[in-house]
Amino acid sequence: LTETFAIHEYLALKYQPDLAGETAEEIGDLSMIAPNVFSYLVAITMPMYMQDVMAVVVQAIQKAAPTIVDYLGNKKFLCGDKPKWVDFVFFEMVMKSEWAYPGLYQEFPVLRVYRDTIKSLPGLKEYLNDPNCRENKYKFNNVLAKINN
């Protein structure tokens, strides 16, 4: 497997199936929101590869975020009260957006709540707070990007 979403879904199904949805409704919600998360990923990542103008990235975030923010609403996670694999993908996009746009949480306060909720998940909280956490040392983009490479 080489595609981000396929990898996440595969790992969820193999190691923690509840992350892939436990009911038909949850699986339907996942199928509905995953393409929107992918669109958000592409919308905010591509400008970082195409040019080195951070204002363009901020504009992309401001344009793409409302769709998912509206969908998230007051829910704890994208698909309800329990995390699903798509939450971990979107969490990374929120962290990337936070890095790129200092005003993210003023404009979209629900994303701060969401970020904090994900960061406090048992296991993930301890991992992210560990000084040896590899993700804290990585950049979001690879060397071909013009921003954050």
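Everything numeric in this text was worked out from a predicted model, so none of it was measured.

Grouped together as the largest cluster of nonpolar side chains are 43 residues, with contacts concentrated most on Val37, Tyr40, Leu78, Trp85 and Phe90. Mapped onto this core, the elements with two or more residues apiece are helix 1 (4-15), helix 2 (24-50), helix 3 (54-72), helix 4 (85-100), helix 5 (104-107), helix 6 (109-119) and helix 7 (124-129). Per-element accounting of this core gives the leading share, nine residues, to helix 4. Contacts of Tyr40, omitting those with residues within four sequence positions, involve Ile61, Ala64, Ala65, Ile68, Phe90, Met93 and Ser97.

Right, let's talk about helix 1 for a bit. Look at helix 1: 16 Å from first C-alpha to last across 12 residues, which is about the 16 Å you get at 1.5 Å a residue. Near the N-terminus of helix 1, the side chain that reaches the backbone nitrogen of Phe5, with its oxygen 3.1 Å away, is that of Glu3.

What follows is about the layout of surface pockets. Approximately 1100 Å³ is the volume attributed to the largest pocket. What lines the largest pocket is a set of 27 residues, and nearest its centre among them are Phe88, Phe91, Glu92, Leu124 and Glu135. Of all the elements in the fold, those that place two or more residues in the lining of the largest pocket are helix 1, helix 4 and helix 7. Per element, the largest residue contribution to the lining of the largest pocket is seven residues, and it comes from helix 4. Looking at side-chain class alone, the lining of the largest pocket contains 19 nonpolar, four polar and four charged residues.

Let's shift gears to a nonpolar patch on the surface. Residues Leu1, Tyr10, Leu11 and Tyr15 make up a contiguous nonpolar surface patch of roughly 490 Å² in combined accessible area. As for its placement among the helices and strands, Tyr15 is situated in helix 1. Since its relative accessible area comes to 61%, Tyr15 is described here as exposed.

Once that is clear, we can look at the environment of Gly73. You can see Gly73 is positioned in the loop between helix 3 and helix 4. As for Gly73 and Val143, which are separated by 70 residues in sequence, their C-alpha atoms are 35 Å apart.

Okay, the pattern of salt bridges next. With the rule as written, the count across this model stands at four salt bridges. The residue Lys82 makes a salt bridge to Glu22 at a minimum N-O spacing of 3.1 Å. Note that Lys82 is positioned in the loop between helix 3 and helix 4 and Glu22 in the loop between helix 1 and helix 2, a separation of 60 residues in sequence. Classification of Lys82 as partly exposed rests on a relative accessible area of 44%. The class for Glu22 is partly exposed, based on a relative accessible area of 46%. A salt bridge links Arg115 to Asp116; the shortest N-O distance between them is 2.7 Å. Residue Asp116 is classed as partly exposed on the basis of its relative accessible area, which comes to 37%. When salt bridges with common partners are traced through the structure, they connect Glu98, Arg115 and Asp116 into a single cluster.

In this section: helix 3. With 19 residues, helix 3 extends 26 Å between its outermost C-alpha atoms, agreeing within 8% with the 27 Å of an ideal straight helix rising 1.5 Å per residue. The sharpest bend along helix 3 comes to roughly 35°, located at Ala65, with the proline Pro66 sitting one to four residues further on. In the segment just after helix 3, Gly73 is the residue with positive phi, at about 50°.

Conventions used here
Residues numbered from 1 in each chain as written. Predicted model: local features only at pLDDT ≥ 70, side-chain atom pairs only at ≥ 80, totals over all residues. Heavy atoms only, no water. Core = buried A, V, L, I, M, F, W, Y, C linked by side-chain atoms within 4.5 Å. Buried < 20%, exposed > 50% of the residue type's maximum accessible area, 1.4 Å probe, protein only. Helix = DSSP H or I, 4+ residues; strand = E, 2+ residues; numbered from the N terminus. Contact = heavy atoms within 4.5 Å. Expected span 1.5 Å × (residues − 1). Polar contact = N/O pair within 3.5 Å; in protein donor to acceptor, adjacent residues only side chain to side chain. 1 Å grid on protein atoms, 1.4 Å probe; cavity = no way out; pocket = protein on both sides within 12 Å on 5 of 7 lines; lining within 4 Å. Points joined across faces, edges and corners; volume = space filled by probe spheres on them. Nonpolar A, V, L, I, M, F, W, Y, C, P; charged D, E, K, R; others polar. Patch = residues over 30% accessible without salt bridge, like charges linked within 9 Å, V, L, I, M, F, W, Y side chains within 5 Å. Areas by Shrake-Rupley, 256 points an atom, 1.4 Å probe, with all protein chains shown as cover. Salt bridge = Lys/Arg side-chain N within 4 Å of Asp/Glu carboxyl O. Bend = angle between axes of the 7 residues up to and from the residue.

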